[in-house]
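Secondary and tertiary structure notes
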Amino acid sequence: MLYCVTFQDNSGKEHLRQEHMADHLAFLATLGPKMIGAGPLFDGQDGQGGMWLVEADSAADVQSLVEQDPFWPTGLRKSVSVLEWRQVFRDGQRT
């Protein structure tokens, strides 16, 4: 199944993103093809959090990945949402 994971960051904790970015990116790389996509979310120029699109067996498995991310224990994340996603369009075509 595919899951969309959205992260909202705590304001005032932006410095933690750069401090732990190398470890965060290395962690994402270990996930291989199950990590369909990942990247930051912005409101104008300001980073507000991030999003992952992950293939996993369950939402619990995705939550486990979230908690293994080096960003998790830092206090950077204000909230996390894990939702199953069903793709119905791709490249202008219904799937």
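Residues numbered from 1 in each chain as written. Predicted model: local features only at pLDDT ≥ 70, side-chain atom pairs only at ≥ 80, totals over all residues. Heavy atoms only, no water.

1. Topic: the overall build of the protein chain
Looking only at helices and strands, one finds 2 helices and 6 strands in the protein chain. When the helices and strands of the protein chain are read in sequence order from the N terminus, they spell out β-α-β-β-α-β-β-β. For the protein chain, the C-alpha atoms occupy an extent of roughly 40 × 30 × 20 Å along the three principal directions. In the protein chain, which comprises 95 residues, the share counted as buried stands at 26%. (Helix = DSSP H or I, 4+ residues; strand = E, 2+ residues; numbered from the N terminus. Buried < 20%, exposed > 50% of the residue type's maximum accessible area, 1.4 Å probe, protein only.)

2. Some remarks on the side chain of Arg17
Mapped onto the secondary structure, Arg17 falls in helix α1 (residues 14-30). With residues up to four places along the chain from it excluded, the contact list for Arg17 reads Asp9, Gly49, Phe71, Leu76 and Arg77. (Contact = heavy atoms within 4.5 Å.)

3. Some points on the layout of surface pockets
Roughly 170 Å³ of internal volume is contained in the largest pocket. Every residue lining the largest pocket is listed: Gln8, Asp9, Asn10, Ser11, Glu14, Arg17, Gly47, Gln48 and Leu76. Only β1 (2-9), α1 and β3 (46-55) provide two or more residues apiece to the lining of the largest pocket. Classifying every residue of the lining of the largest pocket gives 1 nonpolar, 5 polar and 3 charged. (1 Å grid on protein atoms, 1.4 Å probe; cavity = no way out; pocket = protein on both sides within 12 Å on 5 of 7 lines; lining within 4 Å. Points joined across faces, edges and corners; volume = space filled by probe spheres on them. Nonpolar A, V, L, I, M, F, W, Y, C, P; charged D, E, K, R; others polar.)

4. Side note on the environment of Trp52
Along the polypeptide, Trp52 turns up in strand β3. Between the alpha carbons of Trp52 and Val82 there is a distance of 9.3 Å; along the sequence they are 30 residues apart.

5. Examining the nonpolar core
Core analysis: the largest hydrophobic core is formed by 13 residues, its most contacted members being Val5, Leu28, Leu31, Met35, Trp52, Val54 and Val62. Residue assignment for this core shows that the elements contributing at least two residues are β1, α1, β3 and α2 (59-68). Met35 has contacts with Leu28, Trp52, Leu53 and Val54, leaving out every residue within four places of it along the chain. (Core = buried A, V, L, I, M, F, W, Y, C linked by side-chain atoms within 4.5 Å.)

6. Some thoughts on the packing of aromatic side chains
Scanning the entire structure with this criterion turns up 1 aromatic pair. Measuring from ring centre to ring centre gives 5.0 Å for Phe7 and Trp52, while their planes differ by 65°; the resulting arrangement is edge-to-face. Of the two residues, Phe7 sits in strand β1 while Trp52 sits in strand β3, which places them 45 residues apart along the sequence. Overall, Trp52 belongs to the buried group, its relative accessible area being 2%. Above the face of the Phe7 ring, Arg77 is positioned so that its terminal group lies 4.1 Å from the ring centre. (Phe/Tyr/Trp six-rings, centres within 6.5 Å; stacked < 30°, edge-to-face > 60°. Lys NZ or Arg CZ within 6 Å of the ring centre and 35° of its normal.)

7. As for α2
The α-helix advances 3.6 residues per turn, and as a result positions three or four apart in sequence lie on the same side. Residues of α2 that are buried include every one of Val62, Leu65 and Val66, and no others. Viewed end-on, α2 has its buried residues packed into an arc of 105°, placing them on one side of the element. Packed against the buried residues of α2 are β1, α1, β3 and β4 (77-85). (Arc of directions from axis to C-beta.)

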